[in-house]
Amino acid sequence: MARVKTQYKCRSCGYISASYLGRCPNCGAWNQFEKETEEVQKRSTKATASRLIKKTGINEPVKLDKIKAEKEDRIPTKSEELNRVLGGGIVPGSLVLIGGDPGIGKSTLMLQIMSDLSEKYKVLYVSGEESANQIKLRADRLGVGQSNMLLYPETDMHDIREQINDVKPDFVVIDSIQTMNEPSLDSMTGSASQVREVTSELMKIAKMDAITIFVIGHVTKEGAIAGPKILEHMVDTVLYFEGDEHHSYRILHSVKNRFGAANEIGMFEMENEGLKEVTNPSSIFLDQRLPNSTGSAVVVSFSAVVVSLEGTRPLLAEIQALVTPTAFGYAKRTTSGIDYNRAALLLAVLEKRGNLMLQNQDVYLTATGGIKLNEPAIDLAIAMSVASSYKDKEISSTDCFVGEVGLTGEVRRVDKIDARVKEAAKVGFKRIFIPRHNMRAALKNVGIEVIPVSSIPQALKLVFD
Ligand code: TYD
Ligand code: MG
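Residues numbered from 1 in each chain as written. Chains lettered and ligands numbered in written order. Predicted model: local features only at pLDDT ≥ 70, side-chain atom pairs only at ≥ 80, totals over all residues. Heavy atoms only, no water.

Here we look at the UniProt feature "binding site: ATP" (unreviewed entry) in the protein chain
Just so we agree on the cut-off: UniProt positions are given in the numbering used here, feature names are shortened, and annotations may be inferred rather than shown by experiment. When checking whether two residues touch, look at their non-hydrogen atoms; a contact exists if any pair is within 4.5 Å. In this description a helix means any DSSP run of H or I spanning at least four residues, a strand means any run of E spanning at least two, and both kinds are numbered starting from the N terminus.
Mapped onto this structure's residue numbering, the UniProt feature "binding site: ATP" (unreviewed entry) falls at G100, D101, P102, G103, I104, G105, K106 and S107. Excluding anything up to four places from it in sequence, D101 contacts K106, V219 and F241. You can see G105 is positioned in the loop between β4 (95-100) and α3 (106-117). Contacts of G105, omitting those with residues within four sequence positions, involve F241, M270 and L275.

Some points on the site of ligand 1
Heads up, the rule is: Whether a residue is near a molecule or strand is decided by its heavy atoms; if any one of them lies within 4 Å of it, the residue is near. Pairs of N or O atoms within 3.5 Å make up the polar contacts considered here, provided that, within protein, one atom can donate a hydrogen while the other can accept it, and that residues adjacent in sequence are counted only when both atoms are side-chain atoms. The accessible surface values rely on the Shrake-Rupley method and a 1.4 Å probe; as for residues, cover is taken only from the protein chains in view. When residue character is reported, Ala, Val, Leu, Ile, Met, Phe, Trp, Tyr, Cys and Pro are called nonpolar, Asp, Glu, Lys and Arg charged, and the others, Gly included, polar.
Taken together, 17 residues surround ligand 1, and among them G103, K106, S107, T108 and E271 come closest. The backbone of I104 places a nitrogen or oxygen atom 3.4 Å from an oxygen atom of ligand 1. In this structure, an oxygen atom belonging to ligand 1 sits 3.0 Å away from a main-chain N or O atom of G105. Compared with its free state, where it exposes 560 Å², ligand 1 has 75% of that area covered by protein. Among the secondary structure elements, those contributing two or more residues to the shell around ligand 1 are α3, α4 (132-142) and β11 (265-271). Counted by class, the shell around ligand 1 contains four nonpolar, seven polar and six charged residues.

Quick notes on the UniProt feature "domain: RecA family profile" (unreviewed entry) in the protein chain
With numbering aligned to this structure, UniProt lists the feature "domain: RecA family profile" (unreviewed entry) at residues 71-219. Between the end C-alpha atoms of residues 71-219 there is a gap of 33 Å, over a span that is 40% helix and 18% strand.

A look at the packing of aromatic side chains
Put simply, the test is: Pairing of aromatic side chains requires ring centres within 6.5 Å, counting the rings of Phe and Tyr and the six-membered ring of Trp. Pairs whose planes differ by under 30 degrees are stacked, by over 60 edge-to-face, and all others tilted. Relative accessibility thresholds used throughout: buried, under 20% of the residue-type maximum; exposed, over 50%; partly exposed, between the two (1.4 Å probe, protein chains only).
Overall, the coordinates contain five aromatic pairs when judged by the stated rule. Considering the side-chain rings of F241 and F268, the 6.0 Å spacing of their centres and the 80° angle between planes classify their relative orientation as edge-to-face. With F241 in strand β9 (residues 237-243) and F268 in strand β11, the pair connects residues that are 27 residues apart, well separated along the chain. No difference in accessibility class separates F241 from F268, as the two residues are buried. With a centroid separation of 5.0 Å and 15° between ring planes, the pair formed by F401 and F433 is classed as stacked. Remark: F433 occurs in strand β20 (residues 431-435) and F401 occurs in strand β17 (residues 399-401); sequence separation between them is 32 residues. F433 matches F401 in its accessibility class, with the two residues each being buried.

Focus on the confidence of the model for the protein chain
Stated formally: Values of pLDDT, the confidence the predictor places in each residue, fall between 0 and 100.
Mean pLDDT over the protein chain stands at 85; residues scoring 70 or higher make up 90%. Low pLDDT, under 50, characterises residues 303-310; the predicted model gives this stretch 27 contacts beyond four residues in sequence or across chains.

Notes on the packing of helix α8 (residues 340-353) against helix α9 (residues 379-391)
When two helices pack together, their arrangement is given by the angle between the helix axes and the distance between those axes. Where we set the bar: To get an axis, fit a line to the C-alpha atoms, keeping to the stretch in contact for a helix; angles then go from 0 to 180 degrees between the N-to-C directions. Working rule for angles: under 35 degrees goes down as roughly parallel, over 145 as roughly antiparallel, 65 to 115 as roughly perpendicular, anything else as oblique. Rotating anticlockwise by less than a right angle from the far helix to the near helix defines a left-handed crossing, while the corresponding clockwise rotation defines a right-handed one.
Axis separation between α8 and α9 bottoms out at 10 Å; the angle between their running directions is 60°. Considered as vectors, α8 and α9 are oriented oblique to each other. Viewed along their axes, α8 and α9 form a crossing whose handedness is right-handed. Where α8 abuts α9, its residues R342, L346, L347 and L350 lie against D379, I382, A383 and V386.

Written out as structure tokens, the structure is:
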């Protein structure tokens, strides 16, 4: 029997102390310490090791070329968006974490996907959040109330494990990890040690019995350490479901995937009948554009909503600018969805290299649709939208722009140019302005006029003269 050592851990920053403290000396949070016992951790690492030995049948070092690895099969779901984010479908026996803010639609997504899978597979939906009645009502509303899915409202891991042994499902959903309780631990449900222990238990079940398990985890503001973040290293795949509370679109993206590329994105729209796939994401952000208005420019971006998100999915987004004379001495600049400092820099470049008198102008910049854009390739579109509003000259609604802008006013190369040009052509744009250094013969006959630009002054000339 292992020695039991007790320690106390801060829920919000993870600081470890030998005794209970009221206030964390590391992060300053009050009443965040909880008891942890060392023995539990030892037990779980040991179990993980023996599980891997069992699975691969290898218990000594082996040369790589002696190992026979089979390519994993994939189970495609009805949702093309989810399939892409997972890297081509669900890998049987994997443990997938779906994180996101409360109310963003995680349960809805799982209910829809799992109901569909239950036509061919055995699915067990364990809910610790809602009653069977609530889930049934929601399922009816989503049009999946008649599916074969098994529903099990329970939070006790002991019982859940038993039911999994009895039912032998192919898929299990745990909704949510924060409500599950491992009775052998004496810490509180939802605490860091509970969440970790339950996850490692689920990992064991997934690997030993080749059951695919989806774990839902709420991102919690208070005590972020008990949220999905502390589980990321334990699971195979981590997906985050995100969106803007004032808009109906939702983005699912992979931040970690042992079976595919990370940073893949899938788009959904939350409607009254549940989540609908968005097969043409560019349409969401463009369909409310006014024709012939000044101050609007479209960009093909790869980075939307999440910091440094670089999936394989290009997206057309609209950037709007409003430039008006400053009423009182100090020129005001505001941005929404665009980095403030980046915008300030571009305004300075426009002033110095493009001869636009912006110092006595208020400038408002926004990426429409509540989207956040954060890659340098949006620079040219920002500059053009500002110039358009300043000059009061419209940009043709069939033009779009891609390019990073440097301090000397040069338009710099961006990555993934082919995919950007193709997407612009697909959505129906007639011309795309791209950096000269990105120009290649292959971009000649792609159903859209590709115009290379090398500098801001040249771009202003081409677009507005
Ligand atoms: P839910 O899946 O319960 O979120 P989570 O599990 O991430 O906490 O989604 C709840 C929200 O979604 C709720 O605010 C209502 C909205 N919703 C719809 O707009 N349409 C629907 O068909 C459903 C089921 C939910
Ligand atoms: Mg839920």
